[in-house]
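Chains, contacts and geometry: an overview
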Amino acid sequence: MSVLDARLSRVNVSRDSRPAAAAPPAGQQTPTPSLRRRLTELRGPGVRPRSLDARALAALAANPGCRRRALLDGAGIDKGALAQALGSPATYGQSQFAIMRGITFESRVKADGGAALMRLLHERLRTDTAPPEGEEVALPDLSAAGPEGRAARTALALREATAAGGWALLDHPMLAVEVAGSPVYVEPDAVVVHPDGSWTVVEIKSFPMIDGAADASKVGEAARQAAVYVLALENVAGHVTARTGREVRVRDRVLLVCPKDFSNLPTAAAVDVRKQLATTRRQLTRLTRVEEIAASLPEGTTFDLRPAEDGRPTRPTGELSEAVETVGAAYSPECLASCELAFHCRKRSREQGAVETLGRGVRGELGGLRTVGEVLAAAAPEAAEEAAEDRAEGPGRPDDPAVLALRRAAALRAEALAGATGGAARPAEERACR
Amino acid sequence: MSLIQTLARMEAVASGRAAPLTTVRHRHLSERPLVLVPMTTAGEAGAPLGVLVGTDREKPQLLAVPQPRDRELRFAFLAELAESVLPYVDGFADAVEWEERKETDPETGKRVAVQVELCADAPQLIVPSTAGIDFVRLLGRSMRFRRTAEQEPETPYPAPPHVPLLGRWFTHFGERSRVPGASLLLAMTGLLSRHWATGQSMLEDQHLGALLAWIDPPPGESGQVAAERAETGRDADGQLLCPPAGPATDPAFDNRLLSPAMARYDAGLSGAEEEVRALIEGQLRPTWDAVWQGLDLLRALPPGARVADRWKRDRWSYTAHRDRVRAGEPPQPRRDDAVTAAQKLASRETAQAQLDAQEALDDPLVMAGRRLSGEAMCGTVVHVEMAYSESRRPTPRPLVTLRTEDRPQLSENVKLYRPLPDGRTQPAEFVSYAAGGGLVVRLTGGMGRGKEPEPGSVPEADDAVTWTLFEHSPRGGPELPDPEDTPWTHGGPPAAAAAGAPADAPDPVTAEDFL
């Protein structure tokens, strides 16, 4: 069992009493020094690991089969800088208009000690308890030095608030998740402690909820992010239960707060994140394979950009590209929206003629054929006889059902196109068959 | 994506140029469409930044908001937009044809034929991308519940005249665009990717510049290189060579160019407004030209035979909404009631089935896809054997033996349909596979009323014929109850639910402009 596995299942043990067999053997609770050293080598000397935010963690779940992303993220490598150095920079960025709007909206939601927020929470989550009045909501101060300090302060505040048995609103708490053996700090917009000892994650977004409905893809992204926070909170909940003896429950319905219609007034909806939670949990366990992936790399592989004094990378692009190639990627066009390295992977994937460049679903009908060249060769009519002699076995052999279907598709397509150019003047009904 | 389309994409990869997916054009294109290229403020809902709008490709009208956070400026923009769009939309309202329609007479309860108006043509809006269609819907929603000073003198922050009306039309266009095959509001990316397969994925096809680069690459350059440049190419200032087709802007444009220019406008510097307008036009103009380039490419394709039939439905839709507006009916509700929603879904499903059938009948290349999936077959008639039904008055039921290489998914008595040259459909059924290859089909209609089939209604030996397993004009499902009979499973009659605010109540406005 790997490191993260152990951590997560330990939390689970205290939470929903899994069999004791899942508890980790002693001595596996910290990352092995060799892995830590290896990851440092991969980043290059003196490069601080880039911390993952909830958005990046959530994006990992989108493509769990990508070893390249798992390794680069696990090692805390700056993929954006890497893509820039490889000559295929990502096209990300956020408009400052959007950022400003997000900040104004959040401050509006949290104004007056979060009165509006608490009212929405009470309305939407239909808790049995009485609605919180202004003075009853505790607003613990969470300021501390550094992410570690803030995380510790947050854990303390959560414990105290839970023990007090009242309402509490934690503004921008800091939570830690273990990713591949090193802590990653994430910062939810807010966490609410209920009088019954349960906790709710609050996610404040600036996309509108119009007539009670918001853009589905944006809600999905927010739910995946919130799932990371819930997961991080469960860690703390385990400790609090152990210390206070009071059963702590992290609610799996989070509160999503958005602007109502075309205004800047807040409205909210409860979003069930159980599915996202399960995905993220599974994905984080899989991430621990970073150790295996790192072990499979050739000796001396590094993604060090060797920055000069002014921060510009001095490592030759070819050498860097070779290093990146040592770990396989699972490129699909969906990556373009969520991974900084996607344009590089797409370039490589296109050079190799991989069929996935046309979409993830394409491969389903192509059997064992993996490249565009193979598919077109198999579909060509004259290839039939040659292929019969050359390859009686394996993908592309003439009696492969995928090849037969392809050849028929090619023949039908050629027939229709030839008919169309030859008889454009004829009525369509007549042409339909020629 | 079907195998035949996947293959077309791979051909495009190999040749460096998009491959045709159709041999005809499957959507109606107006002779005088209104092109609308919108741009929105990042992070805001319903705060447009600017549009290029017009029917003349050389002279687009630029409407811009120098500061989207100012309610007055936004209203002024919407008023201008209404002034340029509504005359176009209304321009089709008065030229009418007369059509006969069966209606139930309220007094006698009999079905009688009545003459009704049908507009001879209808407006057509073209936006660059599917996101543009969503934006038209969003603008429609934001405008249609507004009140003008004329409607309600007491209303705070009244909207300029015509703005609520534009909202209703935009809502109608947006709603109609969800009907498969409808052409009142079309996205150029959708139009192009229906007719051509590029060497990239469907996700990447959402980028209008990249899509056009594949279909019509610059001379001597492969589509892939041109598409990659359109996607990511930037100039020395870090600005995209091919600005996004909107309505979302490029963050680099917002941060480096637009934001400083807006700050200068806020500071009241002279010439700042012109500067913002020029910046917005610079982002919109390439997309405007791209939309017209796309129209040129599509117009080069001959229209499919049944396209006019579908456009007629769009004309009905336009005429019906014109009548609702003239009758002073309230704007479309925020949410449809259960019966209306079910009716809309059912009619969209029917429209999808009709579209699929009509496209296949109009286009051998689309039919090829249906043949590959076993839903149609083409072949040659080997021989015809005359046979009759066993009823008291025997009718012709000839047996046609067909030779085909297609592999339709047949079982006994499966219904088959044959398109006739005059556009009608002849029904038939599958009988059995013939000994020595081929299959036997029994014609079951379309041969006249006599004992002998009408001449030309039965295929002869060596004729090339097509039979489909799908109906050619599929009908919708059973009728739905009236709204007042909505079952309790679907929320009951709408009147019970609507006890609260009236359905068309305006959105609340606040003294402070929050954007």
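Named according to an unreviewed UniProt entry, chain B is Membrane protein originating from Streptomyces chattanoogensis.

Attention shifts here to the interface of chain A and chain B. Listed per partner, the contact involves 53 residues of chain A and 55 residues of chain B. Those elements giving two or more residues to the side of chain A that touches chain B turn out to be α6 (96-125), α13 (372-379), α15 (401-422) and α16 (428-431) of chain A. Counting residues per element, the side of chain A that touches chain B draws most heavily on α15(A), at 12 residues. Each residue belonging to the side of chain A that touches chain B can be placed in one class, and the counts come to 28 nonpolar, 13 polar and 12 charged.

This part covers the confidence of the model for chain A. All names here are of chain A. Predicted confidence across chain A gives a mean pLDDT of 79, with 82% of residues reaching 70 or more. When the elements of chain A are averaged for pLDDT, helix α1 (residues 3-16) gives the smallest value, 33, and strand β7 (residues 253-259) the largest, 93. Residue range residues 1-30 is modelled with pLDDT below 50. Its contacts to residues more than four positions away, or to other chains, number 46 contacts. A low-confidence stretch, residues 423-434 (pLDDT under 50), is modelled with 28 contacts involving residues beyond four sequence positions or located in other chains.

What follows is about the sheet that holds strand β2 (residues 34-40) of chain B. All names here are of chain B. The strand order across the open sheet formed by five strands is β4-β3-β2-β7-β8, and the pairing between neighbours is mixed. Each edge of the sheet is formed by a strand with only one pairing partner; in this case those strands are β4 (61-64) and β8 (185-187). On average, each strand axis in the sheet is inclined to that of its neighbour by 20 degrees, with strand direction left out of account. Pairing of strand β7 (residues 125-127) with β8, which is carried by three bridges, proceeds in the parallel orientation. Across the sheet, Leu125 pairs through a bridge with Leu185, a residue of β8. Those strands touched by helix α5 (residues 188-195) are β7 and β8, and its axis lies near 65 degrees from that of β8.

Counting 121 residues, the largest nonpolar core has A:Val375, A:Leu406, A:Ala409 and B:Leu7 as its most contacted members. The element that contributes the greatest number of residues to this core is helix α9 (residues 272-299) of chain B, accounting for eight residues. Counting 94 residues, the second-largest nonpolar core is a separate cluster that includes A:Leu39, A:Phe207, A:Val228 and A:Phe303.

Once that is clear, we can look at the environment of A:Glu178. Residue and element names in this part refer to chain A. The residue Glu178 is located in strand β2 (residues 175-179) in this model. Overall, the presence of 22 C-beta atoms within 10 Å leaves Glu178 in the buried class. Considering only alpha carbons, one finds Glu178 and Gly245, 67 residues apart in sequence, at a separation of 24 Å.

Here we come to the confidence of the model for chain B. When pLDDT is averaged along chain B, the result is 89; 96% of the residues meet or exceed 70. Confidence estimates for the predicted assembly give a pTM of 0.87 and an ipTM of 0.86.

Right, let's get into the pairing of strand β6 (residues 111-119) of chain B. Regular strands show a simple pattern: their side chains alternate between the two faces of the sheet. Residues and elements named next belong to chain B. With nine bridges joining them, strand β5 (residues 96-104) and β6 adopt antiparallel strand pairing. Each bridged residue has a counterpart across the sheet, and for Glu99 the counterpart in β6 is Val116. Here β5 folds back onto β6, and the loop between the two strands holds six residues, one of which, Gly109, carries a positive phi near 75 degrees.

Our focus in this paragraph is unusual backbone geometry. You will see that A:Asp261, though not glycine, has its phi angle at about 45 degrees, which is positive. Mapped onto the fold, A:Asp261 is located in the loop between β7 and β8 (266-272). Despite not being glycine, B:Asn413 has its phi angle at roughly 65 degrees, a positive value. Within the element layout of this structure, B:Asn413 appears in the loop between β11 (399-403) and β12 (415-419). Here B:Asn413 falls in the exposed class, since 9 other C-beta atoms lie within 10 Å of it.

Definitions and limits used
- Residues numbered from 1 in each chain as written.
- Chains lettered and ligands numbered in written order.
- Predicted model: local features only at pLDDT ≥ 70, side-chain atom pairs only at ≥ 80, totals over all residues.
- Contact = placed C-beta atoms within 7 Å.
- Helix = DSSP H or I, 4+ residues; strand = E, 2+ residues; numbered from the N terminus.
- Nonpolar A, V, L, I, M, F, W, Y, C, P; charged D, E, K, R; others polar.
- pLDDT = per-residue confidence, 0-100.
- Pairing = 2+ DSSP bridges.
- Axes fitted to C-alpha atoms, helices over the stretch in contact; angles between N-to-C directions.
- Core = buried A, V, L, I, M, F, W, Y, C linked by C-beta atoms within 7 Å.
- Buried ≥ 20, exposed ≤ 12 C-beta atoms within 10 Å, placed from the backbone.

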